[in-house]
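Notes for the structure review
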Amino acid sequence: MPELPEVETSRRGIEPHILNQEVTDVIIRQRKLRWPIPSTLKKQLISKTILQVDRRGKYILLLTQAGTVILHLGMSGSLRILDKSVSAEKHDHLDIVFANNKVLRLRDPRRFGSVLWTKTDPLKHKLLINLGPEPLGDEFSAEYLFETSRNRKVAIKTFIMNSQVVVGVGNIYANESLFSAGINPKRAANKISLARYQKLVPAIKSILKKSIEQGGTTLKDFINEDGKPGYFQQTLCVYGRASEPCINCGKPITQITQAQRSTFYCSHCQK
Ligand SMILES: [Zn+2]
């Protein structure tokens, strides 16, 4: 599943090719994604210019003078920039064609992604309005997480993966940042001190930043045929390492399930 760093890498990958470009055509081959692609999209977009390529959480926002395309990659979606002469393949559901003869092409084999259109402020759209702060922004601080958690008995790992608390902390990032901060993933969010949140928040920011930086090293490959940025090649300390020795203490890493997601941690180093 594309995580926040991969979505940000996609945003950076497509931006230089479509920013300030006029849309000349919209080709919808498969309307049935998570929600149907609006039938008016072609009419709305043709002859409009992409004024900004933004991201909020895992949504990519293409702003034009008439409204905004809200794009989500779902479970298996990817975006590529191609010459418009490159023929579409199976699972290539949408093309936005530009005056520079480039095409922004959405491929999504599992079709859990979405392409929506709004004429009003996209940040007030029902999918975006309840999202928590961006993890790399100043609003996401130890003080914020501490205050927000005071009446929350939920496990800390589930808490930081809740997009209404903070966006973009996927399963790998939650596991790795809790290890880095020495916090047991099962600990109740309201039982964690400010001092410990002061370790956790920088750990989350650091792991996401590293992942985005690594995605950045693949940007030049973005316009290749297979297009997928090879992001997240960081060494993982706990994720996927059940029963292997902890890199700090040598004791075996424990695997449990929390909220239907795999959790990996060291019961010796994480309290
Ligand atoms: Zn350990």
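Structure first, text after, so check above.
Below or above, wherever it landed, is the structure these notes cover.

Strands belonging to one sheet form pairs held by backbone hydrogen bonds; the direction of such a pair is parallel or antiparallel. What the four strands build is an open sheet, ordered 1-6-7-5; its pairing is antiparallel. Whereas interior strands pair on both sides, the edge strands pair on one side only; in this sheet they are strand 1 (23–28) and strand 5 (78–83). Here the strands of the sheet are splayed against their neighbours by 20° on average, with no regard to which way each runs. Relative to strand 7 (residues 102–107), strand 6 (residues 92–98) runs antiparallel, the two being bridged by five bridges. Looking at the pairing, Leu94 lines up with Leu106 of strand 7. Of the strands in this sheet, strand 5, strand 6 and strand 7 are in contact with helix 1 (residues 4–18), which crosses strand 5 at around 30°.

Glancing now at the sheet that holds strand 2 (residues 52–56). The strand order 2-3-4-8 describes an open sheet built from four strands, whose pairing is antiparallel. Two strands in the sheet have a free side with no partner beyond their single neighbour: strand 2 and strand 8 (114–118). Strand after strand, the sheet turns through a mean of 20° between neighbouring axes, direction not considered. Sheet analysis places strand 4 (residues 68–72) next to strand 8, joined by five bridges and oriented antiparallel. Looking at the pairing, Leu71 lines up with Val115 of strand 8. The sheet contacts of helix 1 involve strand 2 and strand 3 (59–63), and relative to strand 2 the element is tilted by about 175°.

Bound to the zinc ion are the protein donor atoms Cys246 (SG), Cys249 (SG), Cys266 (SG) and Cys269 (SG), situated 2.2 to 2.4 Å from the metal. In this structure, the zinc ion is surrounded by four donor atoms whose angles at the metal cover 100 to 113°, and the resulting shape is tetrahedral. Between the donor residues of the zinc ion, the gaps in sequence give the motif C-x2-C-x16-C-x2-C. With Cys249 in the loop between helix 6 (194–216) and strand 9 (254–258) and Cys269 in the segment after strand 10 (261–265), the pair connects residues that are 20 residues apart, well separated along the chain. Judged by its relative accessible area of 23%, Cys269 is partly exposed.

What counts as what
- For every chain, the first residue of its written sequence is number 1, and the numbers climb from 1 along that sequence.
- Per-residue local features of the predicted model are confined to residues with pLDDT of at least 70, and side-chain atom pairs are confined, for both listing and counting, to 80 or more; whole-chain, interface and lining totals are unaffected and use all residues.
- Working from all heavy atoms in the structure, the side-chain values ignore hydrogens and water.
- The criterion for strand pairing is that DSSP finds at least two bridges linking the strands in question.
- In DSSP terms, a helix is any run of H or I states spanning at least four residues, a strand is any run of E spanning at least two, and both are numbered starting from the N terminus.
- Working convention: axes come from line fits to C-alpha atoms, limited for helices to the stretch in contact. Angles between N-to-C directions cover 0 to 180 degrees.
- Contacts are assigned to residue pairs that have any heavy atoms within 4.5 Å of one another.
- Each metal's donors comprise the N, O and S atoms found within 2.8 Å of it (within 3.2 Å for Na, K or Ca). Water is not part of the atom list, so some coordination spheres may appear incomplete.
- Labels for metal geometry use angle windows, namely 85 to 135 degrees for all angles of a four-donor tetrahedral site, and for square planar (four donors) or octahedral (six donors) sites opposite donors over 155 degrees apart plus all others within 65 to 115; sites meeting none of these are irregular.
- Exposed residues in this analysis have more than 50% of their type's maximum accessible area, buried residues have under 20%, and partly exposed residues fall in between, with area computed by a 1.4 Å probe over protein chains only.

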